[in-house]
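# Structure assessment
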Amino acid sequence: MQILEQVRALREAVGAWRRGGERIAFVPTMGNLHAGHYSLIALARRHADRVVASVFVNPTQFGPNEDFARYPRTPREDAAGLESAGCDLMFCPTVAEMYPLGHDRCVQVRVPGLTEELDGAARPGHFDGVATVVLRLFHMVQPDVAVFGRKDFQQLRVIEYLVRDLALPLEIVPAPIARDPDGLALSSRNRYLGEEERARAPALHRTLVAMREGWREGRAIPSIQDEALASLRAAGFVPDYAEIRRSADLARPAGTCDEILIALVAARLGSTRLIDNLPFV
Ligand code: PAF
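Note that the structure is predicted; figures quoted are calculated from it, not measured.

This paragraph deals with the overall build of the chain. Scanning the chain from terminus to terminus reveals 10 helices and 9 strands. Computed over C-alpha atoms, the radius of gyration of the chain comes to 19 Å, within 12% of the 19 Å expected from 2.2 N^0.38 for 281 residues, which places it in the range of a compact globule. Across the 281 residues in the chain, those meeting the buried criterion constitute 53%. Residue pairs at least 24 apart in sequence account for 71% of intrachain contacts in the chain once pairs closer than 6 positions are excluded. On the chain, roughly 13,300 Å² of surface is accessible, and the fraction owed to carbon and sulfur atoms is 52%.

Spelled out as structure tokens, the structure:
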């Protein structure tokens, strides 16, 4: 596996593959990789001849009081894991390489509407930072296909919007959520959880399952959401939201029978903010 920090070297490597007629898949990450990320690499492999993964903790998607500084950085372990997972190239640029004019002075991308709700409301500017860095990465790597996990479901919809609106010539492949046996979705932030918090954390997934059960029983959505918030509080979480939305665009359900719905939750356990979701299919 090649490990490259510079855009120029990345372009040369990917350009050579492309000239040889090979198809390129891309998996963007912020590193501190776990089994969930490696499942994205495996999925990427099924869609292309070559897999590029980026490892970059993106400063523009963290708010001033968020965990940018303490976000776990484990480049050596990430490189070893990516290599065993079958990745061909790990791209790990510095902040200066990604944002040559300064990350506080960079050209920004903003996806309207969708980014102001849910996690966008709880983390103002977060999705602008995500869209900004992902568009840059797409320009740098120029993949045929890019894989995004369904755990960050709103992020997936933001990226799909970006690709569609800017007619970017690539396909987005959503990857299923990887979970621990007790239901907790795998996340780099799970490492922040103390023993007692880790024991409480699966209540997040149980709440989603209860929301889906409530909906299947025909209960009213507002009361399902209220009950979900109450059960998260009872389990020791401080919830940001527990919502049932339309899966296609994350709008509030209109009540038509062709809608596919999804439950989404975000809640803090101590100082750790966790998110999860469950489609109603
Ligand atoms: O999902 C993530 O890890 C990040 O938001 C991403 C897509 C790599 C952009 O920094």
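Still to come is the rest of the account.
Mapping proline 112 onto the fold places it in the loop between helix 4 (95-98) and helix 5 (119-122). As for proline 112 and phenylalanine 127, which are separated by 15 residues in sequence, their C-alpha atoms are 9.8 Å apart.

Close to the ligand lie Pro28, Thr29, Met30, Asn58, Gln61, Val133, Val134, Phe148, Asp152 and Gln155, which account for all nearby residues. Glutamine 61 has a polar side-chain atom sitting 2.6 Å from an oxygen atom of the ligand. Within the side chain of glutamine 155, an N or O atom sits 2.7 Å from an oxygen atom of the ligand. Computed on the free molecule, the ligand has an accessible area of 290 Å², of which 88% lies beneath the protein chains in the complex. Secondary structure elements with two or more residues in the shell around the ligand: strand 2 (24-29) and helix 6 (126-141).

This brings us to the packing of helix 6 against helix 7 (residues 153-165). As a packed pair, helix 6 and helix 7 sit with axes 10 Å apart at the nearest point and diverge in direction by 55°. Considering the angle they form, helix 6 stands oblique to helix 7. Judged by the twist between their axes, the crossing of helix 6 over helix 7 is right-handed. The segment helix 6 lies against helix 7, with Phe127, Val130, Ala131, Val134, Leu135 and Phe138 engaging Gln154, Gln155, Val158, Ile159, Leu162 and Val163. The residue makeup of the contact of helix 6 with helix 7, split by class, is 10 nonpolar, 2 polar and no charged.

What follows deals with helix 1 (residues 7-19). Its 13 residues place the ends of helix 1 18 Å apart at the C-alpha level, agreeing with the 18 Å of an ideal helix rising 1.5 Å per residue. Buried positions along helix 1 lie against strand 1 (2-4), strand 2, strand 3 (50-55), strand 4 (89-91), helix 4 and helix 6. One or two positions beyond helix 1, positive phi appears at glycine 21, with a value near 85°.

Next up on the list: the sheet that holds strand 7 (residues 238-246). Spatial ordering of the open sheet is given by 7-8-9, a layout of 3 strands whose pairing is antiparallel. Where the open sheet ends on each side, the last strands, each with one partner, are strand 7 and strand 9 (272-279). Neighbouring strand axes in the sheet, compared pairwise and without regard to direction, differ in orientation by 10° on average. Pairing of strand 8 (residues 261-269) with strand 9, which is carried by 8 bridges, proceeds in the antiparallel orientation. Within strand 9, the position partnered with alanine 267 by the bridge is leucine 274.

Here arginine 157 lies in helix 7. Judged by its relative accessible area of 15%, arginine 157 falls in the buried class. Placed 102 residues apart in sequence, arginine 157 and valine 55 show a C-alpha to C-alpha distance of 21 Å. Non-local contacts of arginine 157, meaning those with residues more than four positions away in its chain, are made with Leu114, Ser247, Ala248 and Leu250.

What the rule picks out here adds up to 23 salt bridges. With a closest N to O distance of 2.4 Å, arginine 245 and glutamate 117 form a salt bridge. Of this pair, arginine 245 sits in strand 7 while glutamate 117 sits in the loop between helix 4 and helix 5, and the two are 128 residues apart along the sequence. For glutamate 117, a relative accessible area of 31% puts it in the partly exposed group. Across the salt bridge formed by aspartate 240 and arginine 273, the nearest N and O atoms sit 2.7 Å from each other. A residue pair is termed long-range when its members are at least 10 positions apart, and aspartate 240 in strand 7 and arginine 273 in strand 9 qualify at 33 residues. Linked through salt bridges whose partners overlap, the residues forming this network are Glu22, Arg45, Arg50 and Asp88.

Conventions we followed
- Residues numbered from 1 in each chain as written.
- Predicted model: local features only at pLDDT ≥ 70, side-chain atom pairs only at ≥ 80, totals over all residues.
- Heavy atoms only, no water.
- Helix = DSSP H or I, 4+ residues; strand = E, 2+ residues; numbered from the N terminus.
- Rg over C-alpha atoms; globule rule 2.2 N^0.38 Å.
- Buried < 20%, exposed > 50% of the residue type's maximum accessible area, 1.4 Å probe, protein only.
- Contact = heavy atoms within 4.5 Å.
- Areas by Shrake-Rupley, 256 points an atom, 1.4 Å probe, with all protein chains shown as cover.
- Near = heavy atom within 4 Å.
- Polar contact = N/O pair within 3.5 Å; in protein donor to acceptor, adjacent residues only side chain to side chain.
- Axes fitted to C-alpha atoms, helices over the stretch in contact; angles between N-to-C directions.
- Parallel < 35°, antiparallel > 145°, perpendicular 65-115°, else oblique.
- Left-handed = near helix turned anticlockwise from the far one by under 90°.
- Nonpolar A, V, L, I, M, F, W, Y, C, P; charged D, E, K, R; others polar.
- Expected span 1.5 Å × (residues − 1).
- Pairing = 2+ DSSP bridges.
- Salt bridge = Lys/Arg side-chain N within 4 Å of Asp/Glu carboxyl O.

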